[in-house]
Amino acid sequence: QSALTQPPSASGSPGQSVTISCTGTSSDVGGYDYVSWYQQHPGKGPRLMIFDVRKRPSGVPDRFSGSKSGNTASLTVSGLQAEDEADYYCSSYAGSNNLVFGGGTKLTVL
Amino acid sequence: EVQLLESGGGLVQPGGSLRLSCAASGFSFSNYAMNWVRQAPGKGLEWVSVITGGGTNTYYADSVKGRFTISRDNSKNTLYLQMNSLRADDTAVYYCAKSMGNSGWYRFDNYWGQGTLVTVSS
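Let's talk about the pairing of strand β7 (residues 86-93) of chain A
Successive residues of a regular strand alternate their side chains across the two faces of the sheet.
Residues and elements named next belong to chain A.
So, point 1. β7 sits mainly inside the fold: 7 of its 8 residues count as buried.
So, point 2. Here β7 pairs with strand β9 (residues 105-109) via 3 bridges, running antiparallel. Counted as the bridge partner of Ala86 is Leu107 from β9.

Observations concerning the environment of B:Phe108
So, point 1. Within the element layout of this structure, B:Phe108 appears in strand β10 (residues 108-112).
So, point 2. Note on B:Phe108: relative accessible area 0%, which makes it buried.
So, point 3. Remark: the alpha-carbon pair of B:Phe108 and B:Asn35, spanning 73 residues in sequence, is separated by 8.6 Å.
So, point 4. Discounting residues that sit within four places of it in the chain, B:Phe108 has contacts with A:Tyr38, A:Leu48, A:Leu99, B:Asn35, B:Val37, B:Trp47, B:Ala97, B:Lys98, B:Ser99 and B:Met100.

Digging into the nonpolar core
Soluble globular proteins tend to bury their nonpolar side chains together.
So, point 1. Judged by nonpolar contacts, the single largest core of 26 residues is most densely connected at B:Trp36, B:Phe68, B:Leu79, B:Leu81, B:Met83 and B:Tyr94.
So, point 2. Counting only elements with at least two residues in this core, the list comes to β3 (18-25), β4 (34-39), β5 (45-51), β7 (68-73), β8 (78-83), β9 (92-99) and β11 (116-120) of chain B.
So, point 3. Broken down by element, this core gets its largest block of residues, 4 residues, from β3(B).
So, point 4. In terms of nonpolar packing, the next biggest core, distinct from the first, is built from 24 residues, A:Val18, A:Cys22, A:Ile50 and A:Cys90 among them.

Scoring rules and cut-offs
- Residues numbered from 1 in each chain as written.
- Chains lettered and ligands numbered in written order.
- Predicted model: local features only at pLDDT ≥ 70, side-chain atom pairs only at ≥ 80, totals over all residues.
- Heavy atoms only, no water.
- Buried < 20%, exposed > 50% of the residue type's maximum accessible area, 1.4 Å probe, protein only.
- Helix = DSSP H or I, 4+ residues; strand = E, 2+ residues; numbered from the N terminus.
- Pairing = 2+ DSSP bridges.
- Contact = heavy atoms within 4.5 Å.
- Core = buried A, V, L, I, M, F, W, Y, C linked by side-chain atoms within 4.5 Å.

Structure (structure tokens):
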């Protein structure tokens, strides 16, 4: 099972919005509404930011939002803050009891 | 408070074996599927394996199938990963991660361990 495709990097200035894409196929992202997004700061474990495409766990700011269109899911971070600088990973159920992650996107706050 | 604490990582030679453990607390362990996810140095996340709450069902990524075995001891609230025939590309930080429930295991909760480093090298 191939990994989902994410851009290696993304950036934005404080207060701006940035969107990170996650492209798969009809067998994973396009076939199921089980896309999640994780934030990971250097040396730390992943933190769940979005699950089921667009749901936010408690404690995650509403500046973070998720969406999906066809085989591509997206994470949008609005009102960028310095602490948002981190690596972001998407994941999707891929059927047949398999889960795939994206390669990760390094978000830089300029 | 949910806590997951991995242990058992270390340096092992190619072809060797290692068993990882993940001690869980703060929730009804047997009611939740549990996962192992790994991250090679400087690389992305890779799902490795899952086991359902009662231990009946286990699933593996193709990259570890036939070499790794996931198990759990619900009386000890502990998750395990037995890793055999280790290769250099198994070198990674291994995290245990809790699912949101027992069905729909692919919906991970926001509870991950701190990770344990496995290095496969001669």
